[in-house]
Structure formats: structure tokens, C-alpha cells
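For reference, the chains in residue letters:
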Amino acid sequence: QVQLQESGPGLVKPSGTLSLTCAVADYSISNNHYWNWVRQAPGKGLEWIGEIHHRGTTNYSPSLRGRVTISVDKSKNQLSLELSSVTAADTAVYYCARGGLIPGYYFDYWGQGTLVTVSS
Amino acid sequence: QSALTQPRSVSGSPGQSVTISCTGTSSDVGAYNYVSWYQQHPGKVPKFMIYDVSKRPSGVPDRFSGSKSGNTASLTISGLQAEDEADYYCCSYAVSHTYVFGSGTKVTVL
């Protein structure tokens, strides 16, 4: 059973950089999947942020491109998210999720999510 | 890239069927047969329910079914049960290797 666990600061100052890590357990991140970040603002819907393959290929949401960077650390079996120049609009629960076995266009395993609040 | 359009809410009595629509464009729903659906109970993690428009992952009851016509996908819940009360989100693969989620639909079991 794949397990994903997000971690990182729960509070980030406006104009700062949000940094989160997703540790993947019981499954190799080097298998043929994309690994994704999805967020959900309080009381709002899901928003796809971006994805990464262990070979380094990334795809990002057009609305966040330019502010977002997703990376992978195969030695630690984890992926990371950095979102720069944050504002209150970036306050959300951030989830990491496994994409389907390529070519699988869905998200089958999700982490528990971590709430990040942008506030001074 | 705007969110896919879903009704804000749908409701039905136990045993009835409800259908949730998910309307996109020719750049997402209409372009690919890669629509997936997720169920989310309050305060919980989204659960993977449907993929590739109409396929069910193992463990998902066959009361849940999906379909698509043109730019609109649909999720039907047959034999509605109390535990089906939740928010439901569609998601479509889209051009330029991106994904777009729907706005979400609250299903209420009367």
C-alpha cells in the first residue's frame, strides 16, 4: 500500500516561499508514475499544481507557472514543492498524489494533506 | 484554464439515482477520454472513484458509473446510500500536459 506524507511549515509570510516535502513509503518513486501536488483552499475546490516524473520531467499549472518548482529526490524517495511570492490566496491544504501508472491520467493515492497559511 | 463546470449541489433519496455533470471544453474533456472522479467527505482526503471516463478502480462499488458525451462528462450514483453524501470532483487531462478539476458538487442524501 503506497503511503504519502506531506510535511513543511504551516505558516508562511506574504511574499515568502512555501516549501513542502512529500515522503513516499512502501513504493519506489522511481517507478513509472508522475507524482503530483494538488491544493484546496478553505471551503473551495481542488486545484492541480503540477507533476514530476523521477527522470525530472515536470508539468505545471498555467496559472502557477513561473512561481512553482517541483523536484524529486530519488535517494530519499520524496518529492518537493516550492511556491514563491505567496499571498493569502495561496492559503490551502496541500496534497501530494500519485499519478496512475503511465499512461495513467488520474490520481490514485493521496497524502493526508498539510495546511499552509500565508499570513504575517 | 478555467475549472470544469459542475452543479453546486444535487440531492436524492436513498435508493434513487443522481447524476453529476462536468462540462469542459474541446481542450480538456472533449479532447481526451481521461476524465476521473473523486469523492471527498468533509475534512477527509479525496478518494479515487472513476478513471478513463468510465472505469472503476478495485473496491469502488458498481453503483458508481461514468460516461462522457462531447465536452460533458457525467457521474451517476445508482441506489444512493447515506454514505454517498459527500463532495464530488471531476478532473480532466488537458492540453499541454496539464489537469483541470471541476468546481465540485455536494451530494445530499435526503
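Quick notes on the rules
Residues numbered from 1 in each chain as written. Chains lettered and ligands numbered in written order. Predicted model: local features only at pLDDT ≥ 70, side-chain atom pairs only at ≥ 80, totals over all residues. Heavy atoms only, no water. Salt bridge = Lys/Arg side-chain N within 4 Å of Asp/Glu carboxyl O. Helix = DSSP H or I, 4+ residues; strand = E, 2+ residues; numbered from the N terminus. Buried < 20%, exposed > 50% of the residue type's maximum accessible area, 1.4 Å probe, protein only. Pairing = 2+ DSSP bridges. Axes fitted to C-alpha atoms, helices over the stretch in contact; angles between N-to-C directions.

(A) Highlighting the pattern of salt bridges. Here the structure, examined in full by the defined rule, presents 6 salt bridges over all chains. A salt bridge links A:Asp108 to A:Arg98, with the shortest nitrogen-to-oxygen separation between them at 2.7 Å. Of this pair, A:Asp108 sits in strand S10 (residues 104-110) while A:Arg98 sits in strand S9 (residues 92-101), and the two are 10 residues apart along the sequence. For A:Asp108, a relative accessible area of 18% corresponds to the buried category. Using a relative accessible area of 8% as the deciding quantity, one classes A:Arg98 as buried. Across the pair B:Arg63 and B:Asp84 runs a salt bridge whose closest N-O atoms are separated by 2.5 Å. Taken together, the residues B:Arg63 in the loop between strand S4 (47-50) and strand S5 (64-69) and B:Asp84 in the loop between strand S6 (72-77) and strand S7 (86-94) connect sequence positions 21 residues apart.

(B) Quick peek at the sheet that holds strand S2 (residues 18-23) of chain B. All names here are of chain B. A sheet is described by the order of its strands in space; here 3 strands give the open sequence S2-S6-S5, paired in antiparallel fashion. Single-partner strands in this sheet number two, and they are S2 and S5. Neighbour-to-neighbour, the strand axes of this sheet turn through a mean angle of 20°, independent of strand direction. Where S5 and S6 come together, 6 bridges link them in antiparallel fashion. Within S6, the position partnered with Phe-64 by the bridge is Ile-77.

By themselves these figures say nothing about function.
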